[in-house]
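Chain by chain, the residues:
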Amino acid sequence: MPALLCLIFGAGILTGPCGPGAKAVAVGLLVLMAALPVAGFLAEGRLTHRDTRLRVFAGGVVVTVGVARTHALTWPRLTVTERTKTTSYGQNSHGPTVHWLYPAGPDGTPLARISTHNTAGTAIARGKAERTGT
């Protein structure tokens with residue numbers, strides 16, 4: 001949307017009866033119109049490689065962080081910590097309560113954070129309880 005606005009204003013100023021200063025601003029807007037999508041795609045490409053992906057299987061979980069770190073843990077090696085967070089909005093009001101699960105490796109380092117409202121979070125809680133008795 002910002003690139004489209006730069007195109008509209010830049011083309012409008014460039015084709016209108018304006019002085020050299022306005023023409024320079026128009027050229028700057030047109031250059032910005034071309035640069036904004038490129039910058040957006042570069043930033044998005046950098047951010048999506050750091051996504052944490054969590055996959056739940058019958059034998060355990062696989063947590064992938066970015067393209068380089070993959071942790072495959074069986075149910076006995078997986079530690080799950082549950083925390084409850086309640087947010088409040090305004091004065092004397094109560095917001096939603098969310099139960100977060102933090103799967104961690106054998107060394108205790110948290111690998112991900114997932115809500116129990118998510119089906120994968122429910123599967124982790126149930127799988128850990130069924131296979132380890134906790």
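Before any of the text, the structure's been laid out above.
Now for a look at the structure at hand. Keep in mind it's a predicted model, so treat the numbers as computed, not measured.

**Section: the packing of aromatic side chains**
- Taken as a whole and assessed by the stated rule, the structure comprises zero aromatic pairs.
- One residue, R83, lies across the ring of Y102, its end atom 4.6 Å from the ring centre.
- Above the ring of W100, the side-chain terminus of R113 is found at 3.8 Å from the ring centroid.

**So, the nonpolar core**
- Of all hydrophobic cores here, the largest spans 12 residues; its members are V61, V63, V65, L73, W75, L78, L101, L111, A112, I114, A120 and I124.
- Mapped onto this core, the elements with two or more residues apiece are β2 (60–65) and α3 (119–132).
- Broken down by element, this core gets its largest block of residues, three residues, from β2.
- Beyond its immediate chain neighbours, meaning those up to four positions away, L111 contacts T52, V63, V65, H71, L73, P103, A104 and G105.

**Some points on the environment of T74**
- With respect to the helices, strands and loops of the structure, T74 is situated in strand β3 (residues 69–74).
- Overall, the relative accessible area of 39% leaves T74 in the partly exposed class.
- Sequence-wise, T74 and V61 are 13 residues apart; in three dimensions their C-alpha atoms are separated by 6.5 Å.
- Every residue in contact with T74, bar those within four places of it in the chain, is listed here: G59 and G60.

**Considerations on a nonpolar patch on the surface**
- Residues L4, L5 and I8 make up a contiguous nonpolar surface patch of roughly 270 Å² in combined accessible area.
- If you trace the backbone, L4 turns up in helix α1 (residues 2–15).

**Topic: the sheet that holds β3**
- The sheet built from three strands is open, its strands ordered β1-β2-β3 with antiparallel pairing. Single-partner strands in this sheet number two, and they are β1 (52–57) and β3. Sheet twist, expressed as the mean angle between neighbouring strand axes with direction ignored, is 10°.
- For β1 and β2, the ladder comprises six bridges, and the chain directions are antiparallel.

**Looking at the sheet that holds strand β5 (residues 97–104)**
- The sheet built from three strands is open, its strands ordered β4-β5-β6 with antiparallel pairing. Edge positions in the sheet fall to β4 (79–86) and β6 (114–115), since each has one partner strand and no second.
- With two bridges joining them, β5 and β6 adopt antiparallel strand pairing. Residue pairing across strands places L101 opposite I114, the latter belonging to β6.

Cut-offs used in this document
Residues numbered from 1 in each chain as written. Predicted model: local features only at pLDDT ≥ 70, side-chain atom pairs only at ≥ 80, totals over all residues. Heavy atoms only, no water. Phe/Tyr/Trp six-rings, centres within 6.5 Å; stacked < 30°, edge-to-face > 60°. Lys NZ or Arg CZ within 6 Å of the ring centre and 35° of its normal. Core = buried A, V, L, I, M, F, W, Y, C linked by side-chain atoms within 4.5 Å. Buried < 20%, exposed > 50% of the residue type's maximum accessible area, 1.4 Å probe, protein only. Helix = DSSP H or I, 4+ residues; strand = E, 2+ residues; numbered from the N terminus. Contact = heavy atoms within 4.5 Å. Patch = residues over 30% accessible without salt bridge, like charges linked within 9 Å, V, L, I, M, F, W, Y side chains within 5 Å. Areas by Shrake-Rupley, 256 points an atom, 1.4 Å probe, with all protein chains shown as cover. Salt bridge = Lys/Arg side-chain N within 4 Å of Asp/Glu carboxyl O. Pairing = 2+ DSSP bridges. Axes fitted to C-alpha atoms, helices over the stretch in contact; angles between N-to-C directions.

In short, geometric facts, not functional conclusions.
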